[in-house]
2 protein chains.
Amino acid sequence: MSVYLHDIPLSHAQERFRLALLEAGLWRTLGVEEIPLDENALGRVTAEPIWAEVSSPHYHASAMDGFAVRAEDTSEAQPTTPIQLSVVSDQLSIVNLRSRISRYVDTGDPLPEWANAVVPIENTEALDEDGQISPIVRGPSSIRIRASVAPWSHVRPMGEDIVATQLVLPSGHVLRPVDLGAVAASGHHAIRVARKPKIAILPTGTELVPIGSKLKTGDILEYNSLVISAKIEQMGGEPTRYPIIPDDFELICKQVEEAAKTHDLVLLNAGSSAGAEDFSARVVEKLGRLLVHGVAVRPGHPVILGMVKRETQDANRRPDDLMRETWNLTPIIGVPGYPVSAALTVDIFLEPVLARWLGRRPLEMPIEEATLTRKLVSPPGDDDFVRVVLGRVGERLLAAPLSRGAGVITSLVQADGLALVPRGTQGIEAGEKVQVRMYRSRNEIERTILAIGSHDMTLDLIAQFLAEHQRRLASANVGSQGGLIALRRGEAHIAGSHLLDPNDGTYNVSYIRLYMPGIPVKVVALVGRDQGLIVKKENPKGIQNLKDLIRYDVQFVNRQRGAGTRVLLDYHLSLISIPKESIAGYNQEEYTHLGVASAVASGRADCGLGIAAAAQALDLDFIPLFQERYDLVIPKSFAGDVLLSPLFDVLADPRFREAVSHLKGYDVSVMGALILED
Amino acid sequence: MSVYLHDIPLSHAQERFRLALLEAGLWRTLGVEEIPLDENALGRVTAEPIWAEVSSPHYHASAMDGFAVRAEDTSEAQPTTPIQLSVVSDQLSIVNLRSRISRYVDTGDPLPEWANAVVPIENTEALDEDGQISPIVRGPSSIRIRASVAPWSHVRPMGEDIVATQLVLPSGHVLRPVDLGAVAASGHHAIRVARKPKIAILPTGTELVPIGSKLKTGDILEYNSLVISAKIEQMGGEPTRYPIIPDDFELICKQVEEAAKTHDLVLLNAGSSAGAEDFSARVVEKLGRLLVHGVAVRPGHPVILGMVKRETQDANRRPDDLMRETWNLTPIIGVPGYPVSAALTVDIFLEPVLARWLGRRPLEMPIEEATLTRKLVSPPGDDDFVRVVLGRVGERLLAAPLSRGAGVITSLVQADGLALVPRGTQGIEAGEKVQVRMYRSRNEIERTILAIGSHDMTLDLIAQFLAEHQRRLASANVGSQGGLIALRRGEAHIAGSHLLDPNDGTYNVSYIRLYMPGIPVKVVALVGRDQGLIVKKENPKGIQNLKDLIRYDVQFVNRQRGAGTRVLLDYHLSLISIPKESIAGYNQEEYTHLGVASAVASGRADCGLGIAAAAQALDLDFIPLFQERYDLVIPKSFAGDVLLSPLFDVLADPRFREAVSHLKGYDVSVMGALILED
């Protein structure tokens, strides 16, 4: 077992893969198929240029409902001296060129051969046989007009839209709805498109269970294949999801060989690292050639790139695959197991190959320059992709980094973009510029309220209500104190904060003065939030309040130093004069509410202080003890902004208050109260 | 028959439609259905917020392959004074807290209850029973480490990604691949989404024929339903395309009634104007209520909005439609027949309704400000949407208007964006700013070479070859002279030009001096292009050259005054001393090459001067007479730019030369020759 991966730079890995495909005759479009224009042609890629078979229109057509005329007959018409044209029948084609004539035409009707212009019906007066104005527009004996028309006015000349033989679409074009119309208009009812590359997705891992399974400890839900499969569909490929394969070297080899026979590329998900059960590299080595094992990219470095042999000929090969006679290799990508790594690997390594196989341009995200809100440290050898939320605060586009954990798929869900810390840099300082690949349009960013601070689930509800007001709420969780600092730096519009001043029991105001000196703010109460003891289900030890913490049979678990909840605990312990030293487990520290709850759930502790939601999440009991206030802090310079005004509407909306009141452990009586306004 | 439409402002029309839907109880999400996550959930819209059922991870999981330890056991480890930890078995759960222990874990394995950190395998030395370094990593007796680890390092704590009960996705969210992963990770295998609105598309018109039909004069290919259907799919609806209905009032009424019973909305394509066979308004009036007939928007003003009664109950109604008990109306949109109008009507009137029915935000195109390259005149009462191509020339984003004909679907295919001339303005001057809804990303625009001038089909080939070099060619056809003026104004990167100086028989140079004084340019020859006589198939009159034009039995058709081809004709007539007056039809003018060809095809003339392609398009014969040179004119300030350098690569590419040489009527021998370099 080789323990260490040898990470090579991203660009080298991509190039090595490309060259291997080139050598195998696979760096080209895969094949062509003809499909009817009206059967799922949308999104397919033209395999060759489309040339017009017919012109459109294919005759000189009237562009209006009106009367076809010879322009020269109308030259003398004036408002006060109208001219009269006799109306001739549909059948008439050879006419006396001396008389002034006209013929009724609907929009789209062919112009009579003798005509070269159309007078719109609203510019005509219909006359009956006696030369009197007639109410019957269809079939008058003659018409009167009071203005001349230029030759070819209100006519769509033959070929106005498309001239037979002209290029309608180039090859490699991804078909949009209007393209289908243009291709049809040019005389085609079928179109030759690149055939869809067939991609096999093989999830491996004894610990994997299908989505929707009842979970046991150690089980991992297999959803990567779902995400990858949807991505392949979006990219224009045809995915096949295989059932989960347990960690069995021979079994994996067998499945890879099978998949390689009937697919254009195989994705082997997980097992790509260097652990005891990471077989992917050995599988590729056994079945073909390992090109790359490890790429200097984060997340996603344990990538495998290789080519596996097709042992047998594929009897079901399509006619357009005849060139594959010369092929005997199928490319394979070992995709890392963490969901963010997996998604990124597909974007970085599979997408360019699919683009080549389909003959289209690689997908491309818009790139914008943004200011980083906090320092990013990154190994200098890696291309590091960091998920960020974006907002425009004042004149600056700001990028606030989200969780960098490769296992945190919700960070991809929340991300507004992907910031690159390029290879060769150790990191990027807060306030510096960073290149961001945008997941959202600039318009969306322009109506985004950026909230940096302490997170609370009521913010999710605010986001829902703001959506009705054409606003987005993007939030980054850096704690209350970090939020106030972000506001001072002009890096957020609002911050959620719940900082207790142990000197006087007030919330936030003294901290705002400390961290945001000289900056006028508006502070509005959002909710009262219960803090209390998280205890085992049905509270077997009968714990009631903080006094029980000194019981010899009660093991406590604490939050880390500086956490708001720990400040709250210390404050209340001092009020009832309980010395910290008398509490068993006071020095046992957890870093999150959920960490405390899980210490209780696992039996490591009997209780800990936290919020109701954490207890609820792990099906534990909760004894509410105190209420803390969670405020929204808004610099005055933004408080009057049109961007933020819907926020105050939401706080005043009874439906919002109602929705929050249904959450466990929240008090809405303070909602909207003005705490401070400078 | 009411001849005149009463155009109302766009915003009024939209609001009137919205209020009618509101009144009918239809301004809300239509219904909900539960679908498996792994069956076409991509692109569907969440019907309600998704809350997490389970945490992810749902236990403390190792984040690395390595050894689970108690962090406190490692505190004394130093590079020079390693510590040793015994490796315990998988089964062991209660352990002597005094001894230093570890256990092997793969990435994703649950942490033993006693552990709170993981030491990555690459930071360990495996020892055998005798305390010697062992090559077997799995199952050593003990391990040695030379650095301490902090608590919770290399551990993914329970809930790191998702905490049970948290909000995973809001309602009204359009599902992307990563969203499917997050929903699966939070314990769901099915998802409740908005049901797809069912939209009926009824094409009407006796003149319509299905795509792929052999065309007779007056036939119109029915492809609007194809475009509209693809648009509805993209927007998340479920389209039904009905067969073509002839212009028969009763028949249309019957089909609309049928469609209204089983669909959420009916689109009646064409017949929405006020001509003799425009039944749509009468149909809506008969079957329900006509809300709007005519909207002040271009293209697309003859729009009809209305509500039709559902005469009978729908027996096949789904359970989620029970609220429809109270409904008895189906909205109907009369869509204009011109393809550009039809596409725009769907965007403007149907999309907002689909968005509301699906509960998602309306689709939104990014908007950028661009400088207009030529004046746009527009009726002051209308919102006028003008298709433009875009390019960045110097520092400015430029918008060059394309054909404004509502029948020109290729203008939508070529468009990079849609410029709005808003209601209340008479037009916009060249050089002024205009708001453009972008069809392409800013990145694409940044690599666009903007060509304004005379069009030639070799430009289409250049575009194809440039695509391989990551460049786009956007071209707007304003004629040779217009192109030189655009270059002078800094509104294009290159211009195609074929201007003959009749004084000396040279091309372009004297015109460049005249129209671009003082601007250094580089001029490169692109092709020699045949001009010649377009004659009937098999040339029944045996026409050979210009001398035949004075024959009594030959009727000529000319191009308009100022056209390059007419300049060419006059030049050659003067060379052989033929007076214009002696040519029958010299004053019969056409405005395009194809106009000349069609005059010949229809028998109106025996011959005309033009290019080979026009003859080929209408299956006529062509007698090449002269060759004119078609050059590319490039200001020196751009000629050295990295944006344009691939253009010179293409001109030097033998494959390009080969491709052009296969076009009829082109000479590639001059290709790439330097004509002028200041």
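Residues numbered from 1 in each chain as written. Chains lettered and ligands numbered in written order. Predicted model: local features only at pLDDT ≥ 70, side-chain atom pairs only at ≥ 80, totals over all residues. Heavy atoms only, no water.

Scanning chain A from terminus to terminus reveals 17 helices and 40 strands. The C-alpha radius of gyration of chain A comes to 36 Å, more than 25% above the 26 Å expected for a compact globule of 678 residues. Viewed in the frame of its principal axes, chain A has a C-alpha envelope of about 120 × 70 × 45 Å. Out of the 678 residues in chain A, the part that is buried amounts to 57%. In chain A, 75% of the contacts between residues at least 6 apart in sequence involve partners at least 24 apart. Computed over 69 positive and 84 negative side-chain charges, the inter-centroid distance for chain A is 5 Å. (Helix = DSSP H or I, 4+ residues; strand = E, 2+ residues; numbered from the N terminus. Rg over C-alpha atoms; globule rule 2.2 N^0.38 Å. Buried < 20%, exposed > 50% of the residue type's maximum accessible area, 1.4 Å probe, protein only. Contact = heavy atoms within 4.5 Å. Lys, Arg positive; Asp, Glu negative; His and termini not counted. Charge placed at Lys NZ, Arg CZ, Asp CG, Glu CD.)

Here the focus is the pattern of salt bridges. Residues and elements named next belong to chain A. Summed over the entire model, instances satisfying the criterion amount to 87 salt bridges over all chains. Between Lys216 and Asp219 there is a salt bridge, with the nearest N and O atoms lying 3.5 Å from each other. Accessibility expressed as a relative area gives 55% for Lys216, which makes it exposed. A residue is classified by how much of its surface remains accessible, and Asp219, at 10% relative accessible area, is buried. Of the charged contacts, one joins Arg655 and Glu468 as a salt bridge, the two residues approaching to 2.9 Å between their closest N and O atoms. Of this pair, Arg655 sits in helix α17 (residues 654-661) while Glu468 sits in helix α9 (residues 457-468); the two residues are 187 residues apart in sequence, bridging distant segments of the chain. Judged by relative accessible area, which is 43%, Arg655 ranks as partly exposed. A relative accessible area of 48% places Glu468 in the partly exposed class. Salt bridges sharing common partners tie together Glu368, Arg392, Arg442 and Glu446. (Salt bridge = Lys/Arg side-chain N within 4 Å of Asp/Glu carboxyl O.)

As a further point, take the sheet that holds strand β18 (residues 288-293) of chain B. Residue and element names in this part refer to chain B. An order of β16-β13-β17-β21-β20-β18 is seen for the six strands of this open sheet, with the pairing classed as mixed. Whereas interior strands pair on both sides, the edge strands pair on one side only; in this sheet they are β16 (238-241) and β18. Taking the axes of each pair of neighbouring strands and ignoring which way they run, one obtains an average angle of 20° across the sheet. In the sheet, strand β13 (residues 198-203) pairs with β16 via four bridges, with the strands oriented parallel. Paired with Ala200 across the bridge in β16 is Thr240. Against the sheet, helix α5 (residues 280-287) touches β17 (265-269), β18, β20 (304-309) and β21 (329-335), its axis set at about 140° to β18. (Pairing = 2+ DSSP bridges. Axes fitted to C-alpha atoms, helices over the stretch in contact; angles between N-to-C directions.)

Once that is clear, we can look at the packing of aromatic side chains. Two descriptors summarise a pair of aromatic rings, namely the distance from one centre to the other and the angle between the planes of the rings. Taken as a whole, this structure holds six aromatic pairs over all chains when the rule is applied. Judged by centre distance (5.4 Å) and plane angle (75°), the ring pair of Phe465 of chain A and Phe656 of chain A falls under edge-to-face. Taken as a pair, Phe465 of chain A in helix α9 and Phe656 of chain A in helix α17 lie far apart in primary sequence, 191 residues in all. Residue Phe465 of chain A shares its accessibility class with Phe656 of chain A, and that shared class is buried. Ring geometry for Phe67 of chain B and Tyr104 of chain B: centres 5.5 Å apart, planes at 80°, overall edge-to-face. Linking Phe67 of chain B in strand β4 (residues 66-69) with Tyr104 of chain B in strand β6 (residues 101-105), this pair joins segments that are 37 residues apart in sequence. Each member of the pair, Phe67 of chain B as well as Tyr104 of chain B, is classed as buried. Positioned over the ring face of Phe648 of chain A is Lys522 of chain A, at 4.4 Å from the centre of the ring. Looking at Arg282 of chain B, its charged tip hangs above the ring of Phe249 of chain B, at a distance of 4.4 Å from the centre. (Phe/Tyr/Trp six-rings, centres within 6.5 Å; stacked < 30°, edge-to-face > 60°. Lys NZ or Arg CZ within 6 Å of the ring centre and 35° of its normal.)

So, about the side chain of Asn539 of chain B. All names here are of chain B. Tracing the chain through its elements places Asn539 in the loop between β34 (521-535) and β35 (556-559). Using a relative accessible area of 17% as the deciding quantity, one classes Asn539 as buried. If we ignore the near neighbours within four places in the chain, the residues touching Asn539 are Gln544, Asp621 and Ile623.

Glancing now at the interface of chain A and chain B. Taken together, the contact pairs 109 residues of chain A with 109 residues of chain B. For the pair chain A and chain B, the summed buried surface comes to about 8,600 Å²; carbon and sulfur atoms form 62% of the total. At the junction of chain A and chain B, the tally comes to four salt bridges. The residue Arg447 of chain A makes a salt bridge to Glu364 of chain B at a minimum N-O spacing of 3.1 Å. Connecting chain A to chain B are 22 residue pairs in polar contact (both at pLDDT 80 or more). (Buried area = accessible area lost by both parts, 1.4 Å probe. Polar contact = N/O pair within 3.5 Å; in protein donor to acceptor, adjacent residues only side chain to side chain.)

Turning our eyes to something else, we now look at helix α3 (residues 224-235) of chain A. Owing to its 3.6 residues per turn, the α-helix brings residues three or four apart onto one side. All names here are of chain A. Counted at 1.5 Å a residue, the expected span for α3 with its twelve residues is 16 Å, and the 16 Å between its end C-alpha atoms agrees. Here α3 has its buried residues at Asn224, Ser225, Leu226, Val227, Ile228, Ser229, Ala230, Lys231, Ile232 and Met235. The positive-phi residue at the C-terminal boundary of α3 is Gly236, with phi of around 100°. (Expected span 1.5 Å × (residues − 1).)

Once that is clear, we can look at the side chain of His173 of chain A. Residue position: His173 of chain A is located in the loop between β11 (167-169) and α2 (177-185). When neighbours within four sequence positions are excluded, His173 of chain A is seen to be in contact with Arg44, Val45, Thr46 and Asp179 of chain A.

A few words on the relation of the copies chain A and chain B. It takes a turn of 180° to lay chain A on chain B, together with a shift of 0.1 Å along the axis; the resulting RMSD is 0.2 Å. The superposition of one copy onto the other is thereby described by a two-fold rotation axis. Taking C-alpha positions as the reference, the residue of chain A nearest the rotation axis is Ser441 of chain A, at 4.8 Å. (Least-squares fit on C-alpha atoms with pLDDT ≥ 70 in both.)

What follows covers the packing of helix α1 (residues 10-23) of chain A against helix α6 (residues 339-358) of chain A. Residue and element names in this part refer to chain A. The contact between α1 and α6 brings their axes to 11 Å, and the two run at 35°. Pair α1 / α6 crosses with right-handed handedness. From α1, Leu10, Ala13, Gln14, Phe17 and Leu21 reach across to α6, where they touch Ile348, Phe349, Val353 and Trp357. Counted by class, the contact of α1 with α6 contains eight nonpolar, one polar and no charged residues. (Left-handed = near helix turned anticlockwise from the far one by under 90°. Nonpolar A, V, L, I, M, F, W, Y, C, P; charged D, E, K, R; others polar.)

This part takes up the sheet that holds strand β18 (residues 288-293) of chain A. Residues and elements named next belong to chain A. The mixed open sheet is built from six strands, whose spatial order is β16-β13-β17-β21-β20-β18. Each edge of the open sheet is held by one strand with a lone partner, namely β16 (238-241) and β18. The sheet shows a mean angle of 20° between the axes of neighbouring strands, taken without regard to direction. As defined by bridge partners, strand β13 (residues 198-203) adjoins strand β17 (residues 265-269) across five bridges and the pair is classed as parallel. Bridge pairing in β17 links Leu202 to Leu268. Contacts between α3 and the sheet are confined to β13, β16, β17 and β21 (329-335), with β16 contributing the most and set at about 165° to the helix.

This part is about the pairing of strand β24 (residues 383-393) of chain B. Residue and element names in this part refer to chain B. For β24, the tally of buried residues reaches ten of eleven residues, placing the bulk of the element in the interior. Taken together, the two bridges between strand β19 (residues 297-298) and β24 define a ladder with parallel strand orientation. Each residue of the ladder has a partner; that of Arg298, found in β24, is Asp384. As paired elements, β24 and strand β26 (residues 417-421) share five bridges and run antiparallel to each other.

Residue and element names in this part refer to chain A. Inspection of helix α10 (residues 479-488) places Ser480, Gly483, Leu484, Ile485, Ala486 and Leu487 among the buried residues, and these make up the whole buried set. Close packing links the buried residues of α10 with β29 (448-453), β31 (495-497), α11 (509-515) and β38 (621-635). After α10 finishes, the residue Gly490 shows a positive phi value of roughly 70°.

Counting residues in hydrophobic clusters, the biggest one holds 73 residues, and the most contacted among them are Ile462, Ile534 and Phe656 of chain A. In contact with Ile462 of chain A, not counting residues within four places along its chain, are Leu473, Leu526, Leu632, Leu647 and Phe656 of chain A. Formed by 72 residues, the second largest nonpolar core is a distinct cluster that contains Ala415, Tyr511, Ala613 and Val650 of chain B. (Core = buried A, V, L, I, M, F, W, Y, C linked by side-chain atoms within 4.5 Å.)

Quick look at the environment of Asp631 of chain A now. All names here are of chain A. For Asp631, the location among the structural elements is in strand β38. You can call Asp631 buried: its relative accessible area is 0%. It is 8.3 Å that separates the C-alpha atoms of Asp631 and Ala495, two residues lying 136 residues apart in sequence. Among all residues touching Asp631, those that are not within four sequence positions of it are Ala495, Gly496, Ser497, Tyr507, Asn508, Val523, Val524, Ala525, Leu526 and Ile675. Of note is the side chain of Asp631, whose polar atom sits 2.8 Å from the side chain of Asn508. Within the local environment of Asp631, its side chain forms a polar contact with the side chain of Arg629, the two groups lying 2.7 Å apart.

Quick look at unusual backbone geometry now. A cis amide bond links Ser56 of chain A to the next residue, Pro57 of chain A, at an omega of -10°. Along the polypeptide, Pro57 of chain A turns up in the loop between β2 (50-51) and β3 (61-62). Of note, the amide linkage connecting Arg298 of chain A to Pro299 of chain A takes the cis form, showing an omega dihedral of -10°. Of note in the backbone geometry, Asn40 of chain B takes a positive phi value of approximately 55° without being a glycine. Examined against the element boundaries, Asn40 of chain B turns out to sit in the loop between β1 (32-36) and β2 (50-51). We classify Asn40 of chain B as exposed; its relative accessible area is 63%. Unusually for a residue other than glycine, Asn508 of chain B sits at a positive phi of about 70°. Secondary-structure assignment places Asn508 of chain B in the loop between β33 (506-507) and α11 (509-515).

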